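Remarks on the overall topology
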Amino acid sequence: MADCIFCKLSTGELPTNKVYEDDKVFAFLDKHPINPGHILVIPKSHVAGFYNLENEDYTSLMLAVKKLAARVNEKLHPKKVGLIIAGWDVPHTHIHIVPMLDYHDITSKSLLDGKRANPADEELLEIATILTD
Ligand code: ZN
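Calculation notes
Starting afresh in each chain, residues are numbered from 1 along the sequence in its written order. Side-chain atom pairs in this predicted model are given and counted only at pLDDT of 80 or more, local residue features only at pLDDT of at least 70, and totals for whole chains, interfaces and linings cover all residues. Side-chain measures were taken over the full set of non-hydrogen atoms in the model, leaving aside hydrogen atoms and water. Secondary structure elements follow DSSP: runs of H or I of four or more residues count as helices, runs of E of two or more count as strands, with numbering from the N terminus. Pairs of N or O atoms are called polar contacts if they sit within 3.5 Å, as long as, within protein, a hydrogen donor faces a hydrogen acceptor (for residues adjacent in sequence, only side-chain-to-side-chain pairs). For Na, K and Ca the donor cut-off is 3.2 Å, while for other metals it is 2.8 Å, and in both cases only N, O and S atoms qualify; water is not among them, so sites may look incomplete. Geometry assignment treats four donors as tetrahedral when all angles are between 85 and 135 degrees, treats four as square planar and six as octahedral when opposite donors are over 155 degrees apart and all others between 65 and 115, and treats everything else as irregular. For each residue, the accessible area found with a 1.4 Å probe, counting protein chains only, is set against the maximum for its type, and the residue is called buried under 20%, exposed over 50%, and partly exposed in between. Take the buried residues of types Ala, Val, Leu, Ile, Met, Phe, Trp, Tyr and Cys, join any two whose side-chain atoms come within 4.5 Å, and each joined set is a nonpolar core. For this analysis, residues touch if any pair of their heavy atoms sits within 4.5 Å. Within this document, salt bridges are pairs made up of a side-chain nitrogen of Lys or Arg and a carboxyl oxygen of Asp or Glu, the two lying within 4 Å of each other. In this analysis, rings of Phe, Tyr and Trp, with Trp reduced to its six-membered ring, are considered paired at centre separations within 6.5 Å, and the interplanar angle assigns stacked below 30 degrees, edge-to-face beyond 60, and tilted for intermediate values.

1. Considering the side chain of D30
Structurally, D30 can be placed in the loop between β2 (25-29) and β3 (39-43). There is a polar contact of 2.7 Å between the side chain of D30 and the backbone nitrogen of H32.

2. What about the coordination of the zinc ion?
On the protein side, the zinc ion has C4 (SG), C7 (SG), H46 (ND1) and H92 (ND1) as donor atoms, found 2.0 to 2.3 Å from it. Each of the 4 donor atoms around the zinc ion contributes to a set of angles spanning 107 to 116°, which defines the coordination as tetrahedral. Positions of the donor residues of the zinc ion along the chain correspond to the pattern C-x2-C-x38-H-x45-H. With a gap of 42 residues between them, C4 in the segment before α1 (5-11) and H46 in the loop between β3 and α2 (55-76) connect regions that are remote in the sequence. On the accessibility criterion, C4 (5% relative accessible area) is buried. Given a relative accessible area of 26%, H46 falls into the partly exposed group.

3. Focus: the nonpolar core
In terms of nonpolar packing, the biggest core is built from 15 residues, with V41 and I97 touching the most fellow members. Every element with two or more residues in this core is listed here: β2, β3, α2 and β5 (95-100). Residue contributions to this core peak at 6 residues, all from α2. Those residues in contact with I97 that sit more than four places away from it in its chain are G37, H38, I39, V41, V65, L68, A69, V72, V81, G82 and L83. Core analysis: the next-biggest nonpolar cluster, separate from the first, contains 9 residues, F6, C7, F28 and V90 among them.

4. Brief notes about the pattern of salt bridges
One pass over the structure, following the stated rule, counts 4 salt bridges. A salt bridge links K18 to E21, with the nearest nitrogen and oxygen atoms 2.8 Å apart. Look at K18 and you get partly exposed, because its relative accessible area is 48%. Residues E56 and K24 are paired through a salt bridge, measuring 3.8 Å at the closest nitrogen-oxygen approach. Note that E56 is positioned in helix α2 and K24 in the loop between β1 (18-21) and β2, a separation of 32 residues in sequence. Several salt bridges share partner residues, and in doing so they unite K18, E21 and K44 into one network.

5. A short note on the packing of aromatic side chains
Within this structure, the stated rule accounts for 3 aromatic pairs. Ring pairing ties together the aromatic residues F6, F26 and F28, which thus form one cluster.

In structure tokens, the structure reads:
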């Protein structure tokens, strides 16, 4: 897509710190890392919402994520390697691989603010029913 910054990074139109590339996937360092080694992994196809990817593209993306997460773990030795898929900023599917040094490195504002929901069992059951085929 012409105006998408992630498409421009994956085609080389804009410079970035590439850490991985294959025919379907591109990965580069986040310019604003939570911790050093924070990677963004994207499909080369411009799709907003990972759940909208073609199965083959999704599989390629997740296999690359697994490979890169193992690489981060092996080479940077964080306490944990976390994943975030949020997509608030750029409407091109991207998965954050975050080397975690602390439990709160990828926790939510709601958690940090102590504002997590505390639904009743019935509410949980209702949502589970909605989400179950
Ligand atoms: Zn794009």
